[in-house]
Amino acid sequence: MTQQGAVLQCYNNELVKCIEDLCMQKEELNKQIQQAEEEKNKLQHEIQVLNEQLECVCENLAQKVASRNELDKILAETEAAYMKILDSSRTLLNVLKKEVGSLKHTPELKTN
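Bear in mind that the values here come from a model prediction, so they are computed numbers and not experimental data.

Enquirer: Which parts of the structure should I look at to understand the overall build of the protein chain?
Expert: Helices and strands together make up the secondary structure of the protein chain, namely 1 helix and 0 strands. Taken over C-alpha atoms, the radius of gyration comes to 47 Å for the protein chain, far larger than the 13 Å a tight globule of 112 residues would show. Along the first, second and third principal axes, the C-alpha set of the protein chain runs to 160 × 15 × 15 Å. A total of about 10800 Å² of accessible surface is found on the protein chain, and carbon and sulfur atoms cover 61% of it.

This is the structure in structure tokens:
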């Protein structure tokens, strides 16, 4: 019987050692899980901050694009108006030249 008790004690010791090893593995795994959760939370926070920054940049970009489009429109209208002024000036100059030319042919303006 003492031999059976010794075998039983040996099994008990191995069982206790296995249970302790499993507990140590569990503690190590818990530490790794906690570190992973902390890293996950940190990354989620960084993503949130980056999303907020992206939103601000997108809004700023949209405002700048709208301003540029408005300036393009104003510039196109101004250039078109300027071209009309140039056309009118050329037409006026041509008319004035014709009038001056026809005045030179009138007898009253000829000098002797």
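From this point on, the discussion continues.
Enquirer: How should I be thinking about the UniProt feature "coiled-coil region" (unreviewed entry) in the protein chain in this particular structure?
Expert: The feature "coiled-coil region" (unreviewed entry), as given by UniProt, occupies residues 19-60 in the numbering adopted here. Strand forms 0% of residues 19-60 and helix 100%; the C-alpha atoms that close the span are 61 Å apart.

Enquirer: How should the pattern of salt bridges be read in this particular structure?
Expert: In this structure the tally under the stated criterion is 2 salt bridges. A salt bridge links Lys17 to Asp21; the nearest nitrogen and oxygen atoms lie 3.5 Å apart. In this pair, Lys17 and Asp21 both sit in helix H1 (residues 2-104), 4 residues apart, roughly one turn of the helix. The partner of Asp87 in a salt bridge is Arg90, with the nearest N and O atoms 3.1 Å apart. Taken together, the residues Asp87 and Arg90, both in helix H1 and 3 residues apart, mark about one turn of the helix.

Enquirer: Just to check I follow, could you spell out the environment of Leu43 for this structure?
Expert: One can find Leu43 in helix H1. Expressed as a C-alpha distance, the spacing of Leu43 and Asp87, which sit 44 residues apart in the sequence, is 64 Å.

Enquirer: It is not clear to me how a nonpolar patch on the surface should be interpreted in this structure. Could you clarify?
Expert: Together, Tyr82, Met83, Ile85 and Leu86 make up a nonpolar patch on the protein surface, roughly 410 Å² of accessible area in all. Relative to the elements of secondary structure, Leu86 occurs in helix H1.

Enquirer: What should I look at first to understand the environment of Lys84 in this one?
Expert: Among the structural elements, Lys84 can be located in helix H1. Separated by 13 residues in sequence, Lys84 and Leu71 have C-alpha atoms that sit 20 Å apart.

Enquirer: Would you take a moment to explain the environment of Glu77 for this structure?
Expert: Position of Glu77 relative to the elements: it lies in helix H1. Residue Glu77 is classed as partly exposed on the basis of its relative accessible area of 48%. It is 88 Å that separates the C-alpha atoms of Glu77 and Lys17, two residues lying 60 residues apart in sequence.

Thresholds, definitions, all that
Counting starts from 1 at the beginning of each chain's written sequence and moves along it residue by residue. Reporting of local features is limited, given that this is a predicted model, to residues whose pLDDT is at least 70; pairs of side-chain atoms are given and counted only at 80 or more, and all residues count toward the totals for whole chains, interfaces and linings. To obtain the side-chain values, all non-hydrogen atoms of the structure were included, while hydrogens and water were left out. For helices the rule is a DSSP run of H or I covering at least 4 residues; for strands it is a run of E covering at least 2, with both sets numbered from the N terminus onward. We compute the radius of gyration from the C-alpha atoms alone; for a globule the expected value is 2.2 Å times N to the 0.38, where N is the number of residues. Only the protein chains shown count as cover for residues, and the accessible areas themselves come from Shrake-Rupley with a 1.4 Å probe. UniProt positions are given in the numbering used here, feature names are shortened, and annotations may be inferred rather than shown by experiment. For this analysis, a salt bridge means a side-chain nitrogen from Lys or Arg found within 4 Å of a carboxyl oxygen belonging to Asp or Glu. Each patch groups residues whose relative accessible area exceeds 30% and which form no salt bridge, using 9 Å between like charges and 5 Å between nonpolar side chains of Val, Leu, Ile, Met, Phe, Trp and Tyr. Exposure is judged per residue with a 1.4 Å probe applied to protein chains only, and the accessible area is read against the type maximum: over 50% gives exposed, under 20% gives buried, and values in between give partly exposed.

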